[in-house]
Amino acid sequence: MNKTPRHDGSPSPAALFRSLHTSARPLALANVWDVAGARVVEATGAPAIATTSAGVAWALGAADGDRVARGLVLDVLARIASAVAVPVTADIEGGYGQSPAEVGETVARVLDAGVVGVNIEDGTRPPRALAERIGAAREAADRAGVDLFVNARTDTYLLGLGDPATRLRDTLARARAYVDAGADGVFVPGVTDPEVVAELAEGLTVPLNVMAGPGAPSVAELGALGAARVSLGSGVAQAAYAAARRAALDLLGTGGYDSLDRAIAYPELNALFPATR
């Protein structure tokens, strides 16, 4: 059971992951999509691993947005969770199910894979639909005896939903409904404006997660505003595929190789993996 401490007295992965959410030192997550990325990020000293649904979908040959087969995603999550020693949280989009019951089944299988946190998003769904999915996720975790950290993502800012004049109020109303349904944190991508981040953090009773990228305040600055978790979303995957494109253009255009000059050395990367299975 992930609710209880280990026999050596250390906290369970679920408890450890939950404890990492603090604005004093925000949980910084460089989202990955495969085992290699997870091992690379873990080796930097990251206290937890997070996946990106977009990166996972792209690597599996599908578009982001609940378009990839659940079984394929679960296989990736199980491989990642078994490859690292730190807690893993997974972006499961809308829950890979048409109904709350199916979302609950997804969460049960995610827990079987060894994952201790999930992101579930509303997208363009009505708030009540996500609240029902969160409730199903919480019930599945309770049945499994895992203190799952449910991060409710609301896309009001990312997708520009509703009236801009009331967007902050509407976002906080959604957040309250999601917390009442069992969410442990609220993720509001599309917001890095200091004033809005501060108002969101002030209006929430649970940890605030924001998504950052070039031009955004630093992790420490976001923490000072009240954010307890800062993630990169699909940004790392986009940067990685941009590197692949630069290498191809360099090779096919000038016939050069300079785009590879910042690559991780082969021995260093290879050493992250066991010699035998």
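Structural notes, computed from the coordinates. What you see is a predicted model, and the numbers here were worked out from it, not measured in a lab. Numbers given for residues are sequential positions, taken from 1 along each chain in its written order. Restriction of local features to residues with pLDDT of at least 70 applies here, the model being predicted, together with a cutoff of 80 or more for giving and counting side-chain atom pairs; totals for whole chains, interfaces and linings are based on all residues. Note that the side-chain values use all heavy atoms of the structure and ignore hydrogens as well as water.

**Some remarks on the sheet that holds strand 3 (residues 88-91)**
Strands pair in a sheet through their backbones, by hydrogen bonds, and they do so in one of two ways: parallel or antiparallel. Cut-off, in case you're wondering: Two strands qualify as a pair provided DSSP detects at least 2 bridges between them. Counting from the N terminus, the helices are the DSSP runs of H or I reaching at least four residues and the strands are the DSSP runs of E reaching at least two. Residue contacts are counted whenever heavy atoms from the two residues lie within 4.5 Å of one another. Structural elements are reduced to axes, namely lines fitted to C-alpha atoms, with helices fitted over the stretch in contact, and the angle between N-to-C directions of any two is expressed from 0 to 180 degrees.
In spatial order, the strands read 1-8-7-6-5-4-3-2; together these eight strands make up an open sheet with parallel pairing. Edge positions in the sheet fall to strand 1 (27-29) and strand 2 (49-50), since each has one partner strand and no second. Sheet analysis places strand 3 next to strand 4 (residues 117-121), joined by three bridges and oriented parallel. Pairing of Thr89 across the sheet is with Gly117, part of strand 4. Relative to strand 7 (residues 208-211), helix 8 (residues 194-203) is tilted by about 155 degrees, and along the sheet it contacts strand 7 and strand 8 (227-231).

**Remarks on helix 8**
We count it as follows: Burial classes: relative accessible area under 20% of the type maximum marks a residue as buried, over 50% as exposed, and values in between as partly exposed (1.4 Å probe, protein chains only). Within this analysis, the arc is defined by the directions that extend from the helix axis to the C-beta atoms. Whenever two N or O atoms come within 3.5 Å, that pair is a polar contact, provided that in protein one can donate a hydrogen and the other can accept it, and provided that, for residues adjacent in sequence, both atoms are side-chain atoms.
Along helix 8, the residues that are buried comprise Val196, Val197, Leu200 and Ala201. Buried residues of helix 8 fall within an arc of 130 degrees about the axis and therefore sit on the same side. The exposed residues of helix 8 that point more than 90 degrees off its buried face are Glu195 and Glu202. Those residues of helix 8 hidden inside the fold are in contact with helix 7 (167-181), strand 7, helix 9 (219-224) and strand 8. A side-chain oxygen of the first residue of helix 8 lies 3.2 Å from the backbone nitrogen of Glu195; this N-cap is Asp193.

**Examining the packing of aromatic side chains**
Note the threshold: Any Phe, Tyr or Trp ring, taking Trp's six-membered ring, that has another such ring centre within 6.5 Å forms a pair; planes under 30 degrees apart are called stacked, those over 60 apart edge-to-face, and the others tilted. Two limits define a charge over a ring: the Lys NZ or Arg CZ must be within 6 Å of the ring centre, and within 35 degrees of the ring normal.
In this structure the tally under the stated criterion is two aromatic pairs. Centre to centre, the rings of Trp33 and Tyr241 are 6.0 Å apart; their planes meet at 40 degrees, and the pair counts as tilted. Here Trp33 is found in the loop between strand 1 and helix 2 (35-43), whereas its partner Tyr241 is found in helix 10 (residues 235-253), with 208 residues between them in sequence. Using a relative accessible area of 13% as the deciding quantity, one classes Trp33 as buried. Against the face of Tyr157 rests Arg167, its NZ or CZ located 5.9 Å from the ring centre.

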